[in-house]
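As a plain string of letters, each chain reads:
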Amino acid sequence: MIKEEVFELEQKYIAHTYVRPPFVLEGGSHSTVYDTEGNAYLDMVAGIAVNALGYGDPEIVQTIQRQSALLIHVSNLYHTAPHVRLARKLCETSFADKVFFCNSGAEANEGALKFARKWARVNFGEGKTSVMAFTGAFHGRLFGSLALTPREKYQAPFRPLMPGVRFAEFNNLEDAREKAGDDLCAIFVEPIQGEGGIHPAAPEFLRGLREIADQHNALLVFDEVQCGLGRTGYLWAHQGYGVEPDIMTVAKPIAGGLPMGAVLMTDRVASVIEPGDHGSTFAGGPLVSSVAEVVVGRISDPMFLAVVRKKGKFLENLLRDMQKSSSHVVDVRGKGLMWGIELDFEAKKVVEAGYERGLLTVNAGPNVLRLVPPLIVSEEELNRAVEIIYDIIENI
Ligand SMILES: *Cc1c(COP(=O)(O)O)cnc(C)c1O
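Note that this is a predicted model, so its numbers are computed, not measured. (Residues numbered from 1 in each chain as written. Predicted model: local features only at pLDDT ≥ 70, side-chain atom pairs only at ≥ 80, totals over all residues. Heavy atoms only, no water.)

Draft legend 1. Molecular detail of the site of the ligand. As a structural note, the neighbourhood of the ligand is formed by Ser104, Gly105, Ala106, Asn109, Phe138, His139, Glu190, Asp223, Val225, Gln226 and Lys252. Starting from 380 Å² of accessible surface for the ligand in isolation, the protein chains cover 81%. Residue contributions to the shell around the ligand peak at three residues, all from helix H5 (residues 105-124). Taken together, the residues of the shell around the ligand break down into three nonpolar, five polar and three charged. (Near = heavy atom within 4 Å. Areas by Shrake-Rupley, 256 points an atom, 1.4 Å probe, with all protein chains shown as cover. Helix = DSSP H or I, 4+ residues; strand = E, 2+ residues; numbered from the N terminus. Nonpolar A, V, L, I, M, F, W, Y, C, P; charged D, E, K, R; others polar.)

See below:
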């Protein structure tokens, strides 16, 4: 199909929730994607922090071929092996004792909300249903997760949302302390905020939230949908902070681009969950779970994570140098291979200019350019990406 035909059919048949750039992607390899006209794009987006192992990974391709011929889906009415092996791996590599699988990040946070409510109700009775979240947070676009996402543009057309949510300022422990209360069942926080502009939590902030949650008998929920699974150079972002949650939500990269989410929890939380409390037709099916086994297995290898940390440091140095030599760079923030470049103009302009130069980037908020490349990206590719970005910034 030629690209003009794709644009026309999209206009005619696809609900208009996205504005897309003027090319059509049809292939990819390693950290590069190709459009229908043969143009190559070095990819610093990775399907929004999803394609951690890049494009065309042979083990992922083989796993999909083998497992899809065997069994794709039978529903959660029946026993299958891949999801139990995956859950064991997730628990062995984290604080968690039990896993609930679902199909996306928003769904994982909805599940976490339900489990926190159930936990509070079983242990403390009625009325302990409120939730604390933070300015700049992004937890998803469903009615519970949207209620935890304080962006007027996202929330306004859809009110009323889930009630009982209060917001404290991110990285402001005093504010969180003031707004906490015994009516809280959970505190939701991203250890590194993604969509909100790549803001890492301060270590004392996460430690303080752990204390506040314990003081008020509330659960601490880490949303690691974007920052988790190797992105920061640690398997789980909070492992770089030395603070453990009661629940962690995971999604984006876990199944190599197939849709999957997961709610990881301690036995303290899981003990209140009974058959019928929650469920999903598709979740944890044999195909997605087999692919996720490959992804989690590869990324949890300490050697793989050490290389991510090394490349992360390399990228950090490039970005700090760029900040020194460009008056348009206000700040650079991040960890591992998750970085934000705050500009003194709209980041969208750099994203658009990148398309002409064979580079994919994405913004995180109006003025922050976000880099979340495949974790298998090379230092040479990181160097090339930063050179193009610097050139665009200086010539815009
Ligand atoms: C993307 C994201 C979500 C939502 O995930 P979906 O799969 O798009 O529903 C939730 N939390 C964080 C931190 C995210 O980055």
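Once the structure has been displayed, the description carries forward.
Draft legend 2. Representation of the sheet that holds strand S7 (residues 184-189) within the structure. The strand order across the open sheet formed by seven strands is S4-S12-S11-S10-S7-S5-S6, and the pairing between neighbours is mixed. Every other strand in the sheet has two partners, leaving strand S4 (98-102) and strand S6 (165-168) as the edge strands with one partner each. With direction set aside, neighbouring strand axes in the sheet form an average angle of 20 degrees. As judged from the four bridges shared by S7 and strand S10 (residues 219-223), these two strands associate in the parallel manner. Looking at the pairing, Phe188 lines up with Val221 of S10. This element, helix H4 (residues 82-92), spans S4 and strand S12 (261-265) of the sheet and lies at about 125 degrees to S4. Contacting strand S5 (130-134), S7 and S10, helix H9 (residues 203-215) crosses the sheet at an angle of about 170 degrees to S7. (Pairing = 2+ DSSP bridges. Axes fitted to C-alpha atoms, helices over the stretch in contact; angles between N-to-C directions. Contact = heavy atoms within 4.5 Å.)

Draft legend 3. Inspection of the nonpolar core at higher detail. Ranked by internal contacts, the top residues of the largest apolar core, which has 60 residues, are Ile254, Ile299, Leu319, Ile341 and Ile389. Two domains each donate at least three residues to this core, and these are domain 1 (3-57 + 302-395) and domain 2 (71-299). Setting aside anything within four residues of it in sequence, one finds Ile299 in contact with Ala52, Leu53, Leu229, Gly230, Leu235, Phe304, Leu305 and Leu375. Judged by nonpolar contacts, the second largest core, of 29 residues, contains Ala108, Ala120, Ala147 and Met162. (Core = buried A, V, L, I, M, F, W, Y, C linked by side-chain atoms within 4.5 Å. Buried < 20%, exposed > 50% of the residue type's maximum accessible area, 1.4 Å probe, protein only. Domains from an automatic or database assignment.)

Draft legend 4. Structural detail: the domain arrangement of the chain. You can read the domains of the chain as domain 1 (3-57 + 302-395) and domain 2 (71-299). Between the C-alpha centres of domain 1 and domain 2 there is a distance of 26 Å. The partner domain 2 presents 27 residues to the 26 residues of domain 1 that form the contact. Regarding the contact of domain 1 and domain 2, the summed buried area is about 2300 Å², with carbon and sulfur atoms giving 61% of it. Area buried by domain 1 at its contact with domain 2 is led by Leu305, Lys335 and Met338, which between them contribute 28% of it. Taken together, the connections running from domain 1 to domain 2 amount to two salt bridges. In this structure, Arg370 and Glu195 form a salt bridge, with 2.8 Å as the shortest nitrogen-oxygen distance. At the boundary of domain 1 and domain 2, one finds ten residue pairs in polar contact (both at pLDDT 80 or more). Contributions of two or more residues to the side of domain 1 that touches domain 2 are made by helix H2 (46-49), helix H12 (302-325), strand S13 (329-335), strand S14 (338-343) and strand S17 (368-371). Per element, the largest residue contribution to the side of domain 1 that touches domain 2 is four residues, and it comes from H12. (Buried area = accessible area lost by both parts, 1.4 Å probe. Salt bridge = Lys/Arg side-chain N within 4 Å of Asp/Glu carboxyl O. Polar contact = N/O pair within 3.5 Å; in protein donor to acceptor, adjacent residues only side chain to side chain.)

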